[in-house]
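Chain by chain, the residues:
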Amino acid sequence: MLQDILNDIGIVVFAASGALLGVRKDFDLWGILTVGALTGVGGGILRDVLLGITPPTSIQNWPPIVVATSASLVVFFFHPAFSELRRSVLLLDAIGMGLFATSGASIAIDQHASAFAATLIGLLTAVGGGILRDVLANEIPLLLQPADLYAVPALLGAGVVGVGATCSSAPTWIWLVVGTVVATGLRITGLVFGLQLPTAPSGLWRRH
Amino acid sequence: MLQDILNDIGIVVFAASGALLGVRKDFDLWGILTVGALTGVGGGILRDVLLGITPPTSIQNWPPIVVATSASLVVFFFHPAFSELRRSVLLLDAIGMGLFATSGASIAIDQHASAFAATLIGLLTAVGGGILRDVLANEIPLLLQPADLYAVPALLGAGVVGVGATCSSAPTWIWLVVGTVVATGLRITGLVFGLQLPTAPSGLWRRH
Amino acid sequence: MLQDILNDIGIVVFAASGALLGVRKDFDLWGILTVGALTGVGGGILRDVLLGITPPTSIQNWPPIVVATSASLVVFFFHPAFSELRRSVLLLDAIGMGLFATSGASIAIDQHASAFAATLIGLLTAVGGGILRDVLANEIPLLLQPADLYAVPALLGAGVVGVGATCSSAPTWIWLVVGTVVATGLRITGLVFGLQLPTAPSGLWRRH
């Protein structure tokens with residue numbers, strides 16, 4: 001129950017980020033709702049395609065897409081307000097990312113994925129919607145560019161579930177909690193301290 | 001039989017639109033045939049991937065891709081002629097879109113998709129090829145930009161089949177006919193009257 | 001055994017090409033490793049999704065992604081050296097492409113794909129990673145632009161396996177060898193002689 005609510009919060013925040021990009025790119029109502037909905041549920045759809053869950057859960061049941069589309073509709077009308085909410089949105093997004101990473105890994109384990117596969121599929125669940133958003137908007141995915149830590153926390157959170165659930169006898173929910181705290185906590189820590197990964201060294205080697 | 005012919009017409013028109021974009025982008029022969037073929041059968045491939053039909057029908061059997069590639073080859077040699085055919089092409093495209101939307105929804109129902117899922121998968125069948133075309137050509141999908149109604153008619157046509165076939169006892173072919181007429185008719189109506197969806201209101205809210 | 005080594009060489013070369021593009025695009029460490037890994041194993045993942053092999057083999061087992069990520073890490077640190085290796089890289093890439101095309105077709109046959117489908121899936125296995133690389137880097141796929149022959153050799157090599165393994169009683173390994181030699185040989189021949197496919201004729205038809 002609590003997890004459902006938190007999951008819906010993740011969908012709302014992801015969808016809003018997609019809809020906002022659609023507004024910035026001058027998409028029409030349809031384009032904004034489409035990009036918003038796909039950003040909200042795209043990670044889950046990619047997860048299900050890789051796991052052979054067909055039709056994907058987020059399509060087979062209506063709530064996820066209705067939630068994502070409603071959030072996008074709110075953005076459509078009230079987008080100027082969202083710049084003021086930046087900090088709250090970043091916090092909710094960190095929670096959504098952590099939940100998507102761990103729930104994705106857990107669903108993968110249920111479908112007989114290996115710990116390695118579950119970790120990667122959890123990561124994809126967390127970041128897939130954002131990648132779809134950027135590809136559809138014809139931009140280089142934010143995720144690949146120098147920026148605050150995002151994918152690494154998702155990978156670690158998913159890894160906690162992937163490894164924990166396959167290699168220990170502790171109940172899965174413990175790993176879900178630990179993994180989500182790791183992913184969300186590391187994401188927020190990275191934001192607070194401005195942590196970044198390096199770009200490629202251009203001249204260290206064979207400069208002379 | 002009639003449906004097969006109409007379906008092939010849809011593939012031809014979609015493939016031609018992809019090949020034309022390839023010509024405009026200075027792709028070589030291979031690039032033009034590839035984009036053409038993927039635009040023609042891409043929607044059906046995405047549909048089959050989401051439904052777990054593997055290998056996808058459009059790949060397992062040769063006719064769809066041979067039809068799409070032949071159409072692209074004609075465009076390769078005779079592309080200057082196509083600007084004169086604009087109105088006929090728009091009409092055929094409207095028919096193809098309607099048929100893809102309804103047949104996609106119908107195939108989804110056969111694979112135990114919910115009415116909701118069947119509607120979305122029908123929509124994807126109709127618009128997926130065009131999205132693949134634009135992503136491969138490194139352009140923002142036409143579908144997301146302000147333009148004539150396209151996705152909304154496809155959604156409604158697919159919805160007629162999705163809801164009709166799961167919630168009524170009437171034979172499916174009736175819903176296929178009604179859905180196609182709705183989708184194609186609304187598309188043509190939108191073109192004739194220049195109907196468009198709005199973009200996001202920029203200043204209505206919190207101006208001053 | 002030999003085939004495994006050759007396959008790993010293919011993954012290394014593909015991953016390196018992805019990582020190099022990431023360096024050129026100023027991606028950070030994560031972005032470079034991600035694009036590298038996806039270029040290395042993306043073709044195999046797309047192949048498995050179309051064949052219903054879930055989770056995809058390259059995700060379920062760790063070696064392919066670890067190999068691809070390691071190669072990307074080497075590129076991250078030592079990328080200036082790679083420009084000097086251009087000819088060796090082209091040769092290894094031609095071998096990797098041939099192996100991916102034929103092994104992809106062979107795996108497809110094992111999953112009851114038709115000869116036609118196996119040919120296309122072999123092609124996709126060989127070129128899918130490069131397409132993912134270019135789409136993620138927001139560039140028009142190299143494969144679609146006028147350039148040295150690449151996809152056509154892959155298509156022919158995959159076709160040898162697809163047709164040979166379904167229509168003859170000779171053991172599959174013969175077709176794997178013949179197909180790889182055809183694909184790799186034609187690719188190298190095309191490079192040596194500078195073979196290219198034509199772009200669309202712009203004025204032959206209805207000039208004046």
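Model, not experiment: these values are computed from the prediction.

**Considerations on the UniProt feature "domain: Glycine transporter" (unreviewed entry) in chain A**
Residues and elements named next belong to chain A. Per the UniProt entry, the sites bearing "domain: Glycine transporter" (unreviewed entry) are residues 6-79 and 91-161 in this numbering. As a span, residues 6-79 carries 84% helix and 0% strand, and end to end its C-alpha atoms are 23 Å apart. Here residues 91-161 is 75% helix and 0% strand, with 22 Å between the C-alpha atoms at its ends.

**Describing the interface of chain C and chain A**
Taken together, the contacts link 32 residues of chain C with 34 residues of chain A. When chain C packs against chain A, the two sides together hide about 2,600 Å² of surface, and 71% of this comes from carbon and sulfur. In this assembly, chain C and chain A are joined by zero salt bridges. Where chain C touches chain A, the interface holds seven residue pairs in polar contact (both at pLDDT 80 or more). Of all the secondary-structure elements, those providing two or more residues to the side of chain C that touches chain A are helix 2 (29-51), helix 3 (57-60), helix 4 (63-78) and helix 6 (115-136) of chain C.

**So, the relation of the copies chain B and chain A**
The transformation that overlays chain B on chain A combines an axial shift of 0.0 Å with a rotation of 120 degrees, and the residual RMSD is 0.0 Å. As the rotation angle and translation indicate, the two copies are arranged about a three-fold axis. When the interface residues of chain B are mapped onto chain A, a mere 9% of them are again interface residues, pointing to distinct binding faces.

**Structural notes on the packing of helix 1 (residues 2-24) of chain C against helix 4 of chain C**
All names here are of chain C. Contact geometry for helix 1 and helix 4: axes closest at 8 Å, N-to-C directions at 45 degrees. The angle between helix 1 and helix 4 falls in the class oblique. Here helix 1 and helix 4 pass one another in a crossing that is right-handed. Contacts between helix 1 and helix 4 pair Asp8, Ile11, Val12, Ala15, Ala16, Ala19, Leu20 and Val23 from the former with Pro64, Val67, Ala68, Ala71, Ser72 and Val75 from the latter. When its residues are assigned to classes, the contact of helix 1 with helix 4 shows twelve nonpolar, one polar and one charged.

**Details of the UniProt feature "transmembrane region" (unreviewed entry) in chain A**
Residue and element names in this part refer to chain A. Residues annotated by UniProt as "transmembrane region" (unreviewed entry) correspond here to residues 6-23, 30-50, 62-82, 89-109, 115-136, 148-166 and 172-197. End-to-end, the C-alpha atoms of residues 6-23 are 26 Å apart, and along that stretch the chain is 100% helix and 0% strand. End C-alpha to end C-alpha, residues 30-50 measures 28 Å, and it is 100% helix and 0% strand.

**Here we look at the nonpolar core**
Ranked by size, the top nonpolar core spans 108 residues in total, and within it Met97 and Ala126 of chain A, Met97 and Ala126 of chain B together with Met97 and Ala126 of chain C carry the most contacts. When sequence neighbours within four positions are dropped, the list of residues in contact with Met97 of chain A reads Phe14, Ala126, Tyr150, Pro153, Ala154, Ala183 and Arg187 of chain A. Judged by nonpolar contacts, the second largest core, of 48 residues, contains Val75 of chain A, Val75 and Leu136 of chain B together with Ile140 of chain C.

**Quick look at the packing of aromatic side chains**
Across all of its chains, the model carries nine aromatic pairs over all chains by this definition. For the pair Phe77 of chain C and Phe78 of chain C, a centre-to-centre distance of 6.4 Å together with 55 degrees between the ring planes defines the contact as tilted. On the basis of relative accessible area, Phe77 of chain C is assigned to the partly exposed category, the value being 43%. Taken together through their ring pairs, the aromatic side chains of Phe76, Phe77 and Phe78 of chain A make up a single cluster.

Conventions and cut-offs
Residues numbered from 1 in each chain as written. Chains lettered and ligands numbered in written order. Predicted model: local features only at pLDDT ≥ 70, side-chain atom pairs only at ≥ 80, totals over all residues. Heavy atoms only, no water. UniProt positions renumbered as here; feature names shortened; annotations may be inferred. Helix = DSSP H or I, 4+ residues; strand = E, 2+ residues; numbered from the N terminus. Contact = heavy atoms within 4.5 Å. Buried area = accessible area lost by both parts, 1.4 Å probe. Salt bridge = Lys/Arg side-chain N within 4 Å of Asp/Glu carboxyl O. Polar contact = N/O pair within 3.5 Å; in protein donor to acceptor, adjacent residues only side chain to side chain. Least-squares fit on C-alpha atoms with pLDDT ≥ 70 in both. Axes fitted to C-alpha atoms, helices over the stretch in contact; angles between N-to-C directions. Parallel < 35°, antiparallel > 145°, perpendicular 65-115°, else oblique. Left-handed = near helix turned anticlockwise from the far one by under 90°. Nonpolar A, V, L, I, M, F, W, Y, C, P; charged D, E, K, R; others polar. Core = buried A, V, L, I, M, F, W, Y, C linked by side-chain atoms within 4.5 Å. Buried < 20%, exposed > 50% of the residue type's maximum accessible area, 1.4 Å probe, protein only. Phe/Tyr/Trp six-rings, centres within 6.5 Å; stacked < 30°, edge-to-face > 60°.

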